[in-house]
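Structural features, examined
Here's the letter readout for the chains.
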Amino acid sequence: MRKPKKLLNDPNNVRREVMGGLLYAYNGKLEALEDYCAVYRTNINEQVIIVSGGGSGHEPTFAGFIGDGGIDACALGEVFTSPSPDQIIEVTKLVHKNKGVLFLYGNYSGDGMNFDIAAEILAEEGIVSKTLRGTDDIASAPLERIADRRGVAGIMFLYKIAGAAAQFKNYDLDSLYSVVKKANQNTRTIGVALDGCALPQSSNFNFELADDEIEIGIGIHGEAGLRRQKIDSMDKTVTEMVDRLCADLPFQQGDKICVSINNLGSLSNTELLIATKKVGEELQKRDITIHHLVTGHFCTSLEMSGFSISFLKLDPELQALYDLPCKTLGWRK
Amino acid sequence: MNLAQTQAMIIFTAQKMVESEPTLTSLDQVIGDGDHGIGMKRGFATVLKQLQDPTFHAKDIGDLFNQIGTKLMTSMGGASGAIFGTLFRAGGKSIAGAQTLSSQALSEFLNNGWQAVHQRGNAKPGDKTMVDALAAASQTAQQQINQPLPLALKEIAKSAMAGAEQTKNMVAVFGRAKNLGERAIGHVDPGAVSMAYILQYMSEYISQ
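The present account deals with the structure reproduced in this document. (Residues numbered from 1 in each chain as written. Chains lettered and ligands numbered in written order. Predicted model: local features only at pLDDT ≥ 70, side-chain atom pairs only at ≥ 80, totals over all residues. Heavy atoms only, no water.)

1. Describing the overall build of chain A
Formally: Helical segments are the DSSP runs of H or I of at least four residues, strand segments are the runs of E of at least two, and each set is numbered from the N terminus. Radius of gyration: over C-alpha atoms. The globule rule applied is 2.2 Å multiplied by the number of residues raised to the 0.38 power. Exposure categories follow from relative accessible area, calculated using a 1.4 Å probe and restricted to protein chains: below 20% of the type maximum is buried, above 50% is exposed, and the middle band is partly exposed. Any two residues having at least one pair of non-hydrogen atoms within 4.5 Å are treated as being in contact. Method for areas: the Shrake-Rupley scheme with a 1.4 Å probe, in which residue coverage is limited to the protein chains shown. The convention is simple: Lys and Arg are positive, Asp and Glu are negative, and His and the chain ends are not counted. Note that the charge is assigned to NZ on lysines, CZ on arginines, CG on aspartates and CD on glutamates.
Within chain A one finds eight helices and 14 strands. A compact globule built from 333 residues should have a C-alpha radius of gyration of about 20 Å, and chain A, at 19 Å, falls within 12% of that. Along the first, second and third principal axes, the C-alpha atoms of chain A reach 55 × 50 × 35 Å. Burial statistics for chain A: of 333 residues in total, 60% are counted as buried. Within chain A, contacts between residues at least 6 apart in sequence are counted, and of these 73% link residues at least 24 apart. Taken as a whole, chain A presents about 12700 Å² of accessible surface, with 49% of it coming from carbon and sulfur. Across chain A, the 35 positively charged side chains and the 44 negatively charged ones have centroids separated by 4 Å.

2. Concerning the sheet that holds strand 12 (residues 289-296) of chain A
Residue and element names in this part refer to chain A. Short version of the rule: A pair of strands is labelled paired if DSSP reports no fewer than 2 bridges between them. Under this scheme, a helix contributes an axis fitted over its contacting stretch, all axes are lines through C-alpha atoms, and angles between N-to-C directions fall in the 0 to 180 degree range.
If you walk across this open sheet you meet the six strands as 10-9-8-13-11-12, and the pairing is mixed. The open sheet has two free edges, formed respectively by strand 10 (227-230) and strand 12, since each of these has just one partner strand. Adjacent strand axes in the sheet meet at a mean angle of 15° when their direction is disregarded. In this structure, strand 11 (residues 256-263) lies alongside strand 12, joined through seven bridges in parallel fashion. Residue pairing for strand 12: Cys258 is matched across the bridge by His292. Those strands touched by helix 7 (residues 269-285) are strand 8 (187-195), strand 11, strand 12 and strand 13 (305-313), and its axis lies near 160° from that of strand 11.

3. Some remarks on the interface of chain B and chain A
Often the size quoted for an interface is simply the accessible area lost on bringing the parts together. Note the cut-off: Buried area counts how much accessible surface, traced with a 1.4 Å probe, disappears from two parts once they are put together, with both parts' losses summed. Each reported salt bridge corresponds to a side-chain nitrogen of Lys or Arg within 4 Å of a carboxyl oxygen of Asp or Glu. Pairs of N or O atoms within 3.5 Å make up the polar contacts considered here, provided that, within protein, one atom can donate a hydrogen while the other can accept it, and that residues adjacent in sequence are counted only when both atoms are side-chain atoms. The classification used treats Ala, Val, Leu, Ile, Met, Phe, Trp, Tyr, Cys and Pro as nonpolar, Asp, Glu, Lys and Arg as charged, and all other residues, Gly among them, as polar.
Every contact between the two is made by 23 residues of chain B and, on the other side, 29 residues of chain A. Approximately 2100 Å² of surface area, both sides summed, lies buried where chain B meets chain A, with 50% of it carried by carbon and sulfur atoms. Run the count over chain B and chain A and you get two salt bridges. With a shortest N-O distance of 3.0 Å, Glu120 of chain A and Arg120 of chain B are connected by a salt bridge. Between the two partners, chain B and chain A, sit six residue pairs in polar contact (both at pLDDT 80 or more). Only helix 3 (36-52), helix 4 (61-76), helix 5 (78-94), helix 6 (103-121) and helix 9 (175-180) of chain B provide two or more residues apiece to the side of chain B that touches chain A. Its residues assigned to classes, the side of chain B that touches chain A comprises seven nonpolar, nine polar and seven charged.

4. A short note on the environment of Glu317 of chain A
Residues and elements named next belong to chain A. In this fold, Glu317 is placed in helix 8 (residues 316-322). A relative accessible area of 30% places Glu317 in the partly exposed class. Sequence separation between Glu317 and Phe62 is 255 residues, and the spatial gap between their C-alpha atoms is 24 Å. The contacts of Glu317, once residues within four sequence positions are left out, are Tyr171, Val179 and Lys182. Polar side-chain contacts of Glu317 include one of 2.5 Å to the side chain of Lys182.

5. Side note on the pairing of strand 13 of chain A
Residue and element names in this part refer to chain A. Of all nine residues making up strand 13, nine are buried, and the element is well covered by its neighbours. Because side chains alternate across strand 13, one face comprises the buried residues Ser305, Phe307, Ile309, Phe311 and Lys313, and the other comprises Gly306, Ser308, Ser310 and Leu312, equally buried. Pairing of strand 8 with strand 13, which is carried by eight bridges, proceeds in the antiparallel orientation. When the sheet's bridge partners are listed, Val192 is paired in strand 13 with Phe307. Here strand 11 pairs with strand 13 via seven bridges, running antiparallel. Within strand 13, the position partnered with Cys258 by the bridge is Leu312.

6. What about the packing of helix 3 of chain B against helix 10 (residues 190-207) of chain B?
Helix packing for two helices is described by the angle between their axes and how far apart those axes are. All names here are of chain B. Definition in use: Put simply, a crossing is left-handed when the front helix is turned counterclockwise from the back one by less than a right angle, and right-handed when it is turned clockwise.
Their axes nearest at 10 Å, the elements helix 3 and helix 10 cross at an angle of 35°. Two packed elements cross with a definite hand, and for helix 3 against helix 10 that hand is right-handed. The residues of helix 10 that touch helix 3, namely those facing His36, Met40 and Phe44, are Pro190, Gly191, Ser194 and Ile198. Classifying every residue of the contact of helix 3 with helix 10 gives four nonpolar, three polar and no charged.

7. With respect to the sheet that holds strand 2 (residues 38-41) of chain A
Residue and element names in this part refer to chain A. In space, the six strands of this open sheet follow the order 1-2-5-3-6-7, with mixed pairing throughout. Bordering the open sheet on either side are strand 1 (30-33) and strand 7 (129-134), each of which pairs with just one other strand. The mean inter-strand angle of the sheet, taken between neighbouring strand axes irrespective of direction, is 25°. Across four bridges, the pairing between strand 1 and strand 2 is antiparallel. If you follow Ala32 over to strand 2, its bridge partner there is Val39. The sheet contacts of helix 3 (residues 109-124) involve strand 3 (49-56), strand 6 (101-106) and strand 7, and relative to strand 6 the element is tilted by about 170°.

This is the structure in structure tokens:
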């Protein structure tokens, strides 16, 4: 059986080294609260603060979306593990401007509990927060239990909308929460994997697929998807994914949407672009207008081979916010 | 059991939890993210360091457990950090001032701890989580309050392990196993096994 292979220094020190890398990659626009493995952007205006966090291993999610028109601070958890409350508490206390805090992260039980503990402790100190959990992964629960769904690559759209609203339009906490909630309700993602990923400390893959198999609906930690099947053509695979996305919201004729085609880690860019072509054709066929499309690595799963497709359905408010600039490590516009 | 003895018992337990990492990791690779053992090891290794630090001081048994809980919560992260941290913090606070760990105090610790864990994560018995081991342990502890601590702990540990074993037949409500549905049946919940191990190692120490 094939074994995972990684070029690391210390498998137990990955998040700290990732944090160090982020500081260099941001060229001075990012600062770290070293002891708490948390980062924040410099020169934050008087505004509602957007704090995120999550397990490492998904780079550039989550900290890579800090920046102008993005989020403000982030707590880095160990690989595939949510951060602990003190990381969230300390970075929030450091950057908040007394205008409230929006906690915005993916819907996983560990993240939920640790952010909730942090929010409770911050509330005792007079720091007001609201929490929004991204729930875009359509494979993780049926539509009637949308609140149970996991958050995956679609969270970048939520960061984009939230960052623009807080930084450039000075939305207060309540209106910021409302618009990001609307964006979350309008965002859907589905992924497919060709191969598993392995934790840095582990000599086994989190899951294995046979040489001729793919898994539709895979989660970003290797959570079981909707179905394992024999590998098919890219066109057929993308068609099913777009069908499922369109049926879930639903996205329909005349809609204007933003699209992200996300590399889960180690798919070739060649394959990603072939997927992108087919997504474009499928949307054109349905008379759905692509307002903006991005393709690349936005929410990865270590070395997992595969990709996900995310749609954000726009309305005038979301479109106006989306069109504002954004300069982050993970995404520039 | 006085404060120093209780601290020694937790040191033994923490060492054994660190050693259990490979077992817990392989259990979690079947139905979870594969990180449960690594997280528990990280948490209990930190607790070990904390308790072996000559400057460490706990006022009483409740404070000892509370401080351990804070350490677990801040060092582990993840669902396990929140849950096991909450157990030790809330359980510890409920027996604040106790200078000896009696069967009665242990029962209060487990019962209040499990109520707090339930409030934090909404898991109830039958959901295939550590609560299945914890709730079983808490129930047995209540029946054992008049027994000497070593005997009580033995029974508590036994029922916690039985509770963990029962998770084999359950469909998960939380975490990655939730998405496996029926596929998770036949596999124990790693968190429940961790909970049972903690009580088992405490029992082993006290029976030595």
